[in-house]
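One letter stands for each residue in the lines below.
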Amino acid sequence: MKRITVKLALFFIFLICISSALSFFVSTLFTHNIENEMKLNQEVIAISILGLEQKTDLSIEEIVNIIPTSMYDVRRIEDIGLMEITKEELEKIQNHEILFMSHSRFRDPTTILMLGDDYIQISLHPHNTIFKIVASRVWFSLFLYVVIGALLIILLAKRVVKPILKLTSATQEVAKGNFDIQVENKSYDEIGQLTKNFNKMTRELKNIEYLRKDFITNVSHEFKTPIASIQGFAKLLQKGNLSEEEKQEYTNIIVEETARLSNLSSNILKLSKLENQEKVEKKIAFSLDEQIRKSILLLEHQWSKKNIEFDIELDKVQYQGDEELLQQVWMNLLGNAIKFSNSNSIIDIRLNQTATTVKVKITDHGIGMSEKTMVRIFEKFYQGDKAHSYEGSGLGLSLVKRILDLCGGNVYVESKLNEGSTFTVKLPLQY
Ligand code: ADP
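Residues numbered from 1 in each chain as written. Predicted model: local features only at pLDDT ≥ 70, side-chain atom pairs only at ≥ 80, totals over all residues. Heavy atoms only, no water.

### Thoughts on the packing of aromatic side chains
Here is step 1: Tallying each qualifying case throughout the model produces five aromatic pairs.
Here is step 2: Pairing F215 with F381 gives two aromatic rings, centres 5.5 Å apart and planes at 55°, and the pair type is tilted. Remark: F381 occurs in the loop between α10 (371-374) and α11 (396-406) and F215 occurs in helix α5 (residues 190-239); sequence separation between them is 166 residues.
Here is step 3: F215 gets classed as partly exposed once you look at its relative accessible area, which sits at 29%.
Here is step 4: Overall, the relative accessible area of 8% leaves F381 in the buried class.
Here is step 5: Arranged with centres 5.4 Å apart and planes meeting at 80°, the rings of W303 and F310 form a pair that is edge-to-face.
Here is step 6: For W303, a relative accessible area of 18% translates into the label buried. (Phe/Tyr/Trp six-rings, centres within 6.5 Å; stacked < 30°, edge-to-face > 60°. Helix = DSSP H or I, 4+ residues; strand = E, 2+ residues; numbered from the N terminus. Buried < 20%, exposed > 50% of the residue type's maximum accessible area, 1.4 Å probe, protein only.)

Printed below as a string of structure tokens:
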């Protein structure tokens, strides 16, 4: 991942390097050149002064008045002792050498020479400092540097801020309830990551919204059918003129439908409670094989009607967990195995323990499932095509899945249409 901080840091380091290098060149190169240029200029002036002195009868005052240019001032030094010059330098001047002095970068260059018994100083006019000369020469390049730099920074800032602006307007759309929005993303830096996560979030929100709407539709649908049937039979009973047998039949239907409604609402409540639960709360040690046997007994009413037999092989397993929740798992899986089994068939139940897990396998020889059904059976309210003729609401396996999620376990299915199904539950011994 290329970090935006690294990008910005590199960019600014690059800018600083360029600007420092430029300033360095400007200050050294130019000042050095200017100094040389001044030395030459002052030397020419000094030679002209000496030439005038030798070839003409002009007095020193006259020469000093003729020579000055717009840039340089020529003066007679009243007291050489007041000048900041060394003994060696003074000796050189007295030996008729032209002395150029520029001891520091901030001191204006000066040339001193001897004319007769007088000392002459050639220096910049007081209003003409070296700084002013450099500034007058480089101001345009500096100005260009600032303008170009500013333009580049503005362009870069726009580039950096553009995706943030896009994200801002996208979040406003989400706030209005539009979850279809996706922000185009090509970068891999932090903003790219943020955009990617934002897109993921809107997709999730869309799914949740869809599930919520779907859930409401399913719940209403599941409640509507038994209520309509109760209403219909209650009206028939209200009208009277019915035989005892008819009365008995209609009241039985009403009782069954109310039981179905009560079962449905208690399953919805259980599922919603489990979905809000983060972990298993009540952990106690109990015998898992005992629990499975007890569940089979509790379902006797259903399997005896279909003359179903059981082939049971259960290891002795001591398990620590929520007894009530796990009982629900076996009741639902065994209930389905019995419900979808053919009459006079066998249901195999196996319980095996390894060092870290327990495995429970429930195999029936019933209607089985198509591939299409298999992938959807753990969805809320889903019932397979063939299952509609059986009693049920499509919540049983959703509950099983949720309970096993909470226990750190999982459940999977193998099935063949018209041959039967095997549900395997894996539970960790420690979670
Ligand atoms: P319900 O049993 O109330 O319909 P479930 O959530 O328990 O709901 O099961 C969902 C669907 O999975 C069933 O409608 C059925 O199509 C399929 N199914 C579950 N268990 C079996 C099984 N043992 N044999 C065949 N199909 C099954």
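### Concerning the UniProt feature "domain: HAMP" (unreviewed entry) in the protein chain
Here is step 1: What UniProt calls "domain: HAMP" (unreviewed entry) maps, in this numbering, to residues 158-210.
Here is step 2: Taken as a whole, residues 158-210 contains 74% helix and 0% strand, while its terminal C-alpha atoms sit 37 Å from one another. (UniProt positions renumbered as here; feature names shortened; annotations may be inferred.)

### A short note on the UniProt feature "domain: Histidine kinase" (unreviewed entry) in the protein chain
Here is step 1: In the numbering used here, UniProt assigns the feature "domain: Histidine kinase" (unreviewed entry) to residues 218-431.
Here is step 2: The distance separating the terminal C-alpha atoms of residues 218-431 is 34 Å; by composition the span is 49% helix and 21% strand.

### Notes on α11
Here is step 1: Most of α11 is tucked away, with eight of its 11 residues classed as buried.
Here is step 2: Among all positions of α11, only L397, S398, L399, V400, R402, I403, L404 and L406 are buried.
Here is step 3: Residues of α11 that are buried in the fold lie against α6 (244-276), α9 (323-339), β10 (410-416) and β11 (420-428).
Here is step 4: Where α11 ends, the next residue or the one after it, G408, has phi of about 80°, a positive value. (Contact = heavy atoms within 4.5 Å.)

### Considering the environment of A46
Here is step 1: Residue position: A46 is located in helix α1 (residues 4-55).
Here is step 2: Note: C-alpha distance between A46 and N332 (286 residues apart in sequence) is 115 Å.
Here is step 3: Every residue in contact with A46, bar those within four places of it in the chain, is listed here: I98, L113 and I122.

### A word on the environment of E35
Here is step 1: With respect to the helices, strands and loops of the structure, E35 is situated in helix α1.
Here is step 2: Separated by 282 residues in the primary sequence, E35 and V317 have C-alpha atoms spaced 99 Å apart.

### Describing the packing of α9 against α11
Here is step 1: The interhelical angle for the contact between α9 and α11, taken along N-to-C directions, is 145°, at an axis separation of 9 Å. Considering the relative orientation of α9 and α11, their crossing is left-handed. Taking contact as the criterion, the partners of L325, Q328, V329, N332, L333 and N336 in α9 are, on α11, G396, L397, L399, V400, I403 and L404.
Here is step 2: The class makeup of the residues in the contact of α9 with α11 is eight nonpolar, four polar and no charged. (Axes fitted to C-alpha atoms, helices over the stretch in contact; angles between N-to-C directions. Left-handed = near helix turned anticlockwise from the far one by under 90°. Nonpolar A, V, L, I, M, F, W, Y, C, P; charged D, E, K, R; others polar.)

### Side note on the sheet that holds strand β9 (residues 357-364)
Here is step 1: Strand order in the open sheet made by the five strands is β6-β8-β9-β11-β10, with mixed pairing throughout. A strand with exactly one partner marks an edge of an open sheet, and here the two such strands are β6 (309-314) and β10. When the angles between neighbouring strand axes are averaged without regard to direction, this sheet yields 10°. (Pairing = 2+ DSSP bridges.)

### Examining the side chain of S345
Here is step 1: The residue S345 is located in the loop between α9 and β8 (346-353) in this model.
Here is step 2: Judged by relative accessible area, S345 falls into the buried class, the value being 10%.
Here is step 3: Polar side-chain contacts of S345 include one of 2.7 Å to the backbone oxygen of N342.
Here is step 4: Those residues in contact with S345 that lie beyond four places of it in its chain are N307, I308, E309 and H365. (Polar contact = N/O pair within 3.5 Å; in protein donor to acceptor, adjacent residues only side chain to side chain.)

### A word on the nonpolar core
Here is step 1: Counting 49 residues, the largest nonpolar core has L288, Y319, W330 and L427 as the members making the most contacts within it.
Here is step 2: Looking at this core, the elements with two or more residues in it are α6, α7 (288-298), α9, β8, β9, α11, β10 and β11.
Here is step 3: The element that contributes the greatest number of residues to this core is α9, accounting for eight residues.
Here is step 4: Formed by 18 residues, the second largest nonpolar core is a distinct cluster that contains I34, V64, I122 and I130. (Core = buried A, V, L, I, M, F, W, Y, C linked by side-chain atoms within 4.5 Å.)

### Let's talk about the site of the ligand
Here is step 1: Neighbouring the ligand are 21 residues, the closest being N336, K339, D364, S393 and L397.
Here is step 2: Measuring from a nitrogen atom of the ligand, one finds a side-chain N or O atom of D364 at 2.9 Å.
Here is step 3: Here an oxygen atom of the ligand sits 2.8 Å away from a polar atom, N or O, in the main chain of L397.
Here is step 4: When the free accessible area of the ligand is taken as 530 Å², the share hidden by the protein chains comes to 97%.
Here is step 5: Sorting the residues of the shell around the ligand by element identifies α9, α11 and β11 as the ones contributing at least two each. (Near = heavy atom within 4 Å. Areas by Shrake-Rupley, 256 points an atom, 1.4 Å probe, with all protein chains shown as cover.)

### A word on the sheet that holds strand β2 (residues 99-101)
Here is step 1: Judged by pairing direction, the sheet is antiparallel, and its four strands sit side by side in the order β1-β4-β3-β2 without closing on themselves. Of all the strands in the sheet, just β1 (72-77) and β2 have a single pairing partner and so form its edges. Neighbouring strand axes in the sheet, compared pairwise and without regard to direction, differ in orientation by 25° on average.
Here is step 2: Sheet analysis places strand β3 (residues 110-115) next to strand β4 (residues 118-124), joined by six bridges and oriented antiparallel. Bridging from a neighbouring strand, T111 pairs with I122 of β4.

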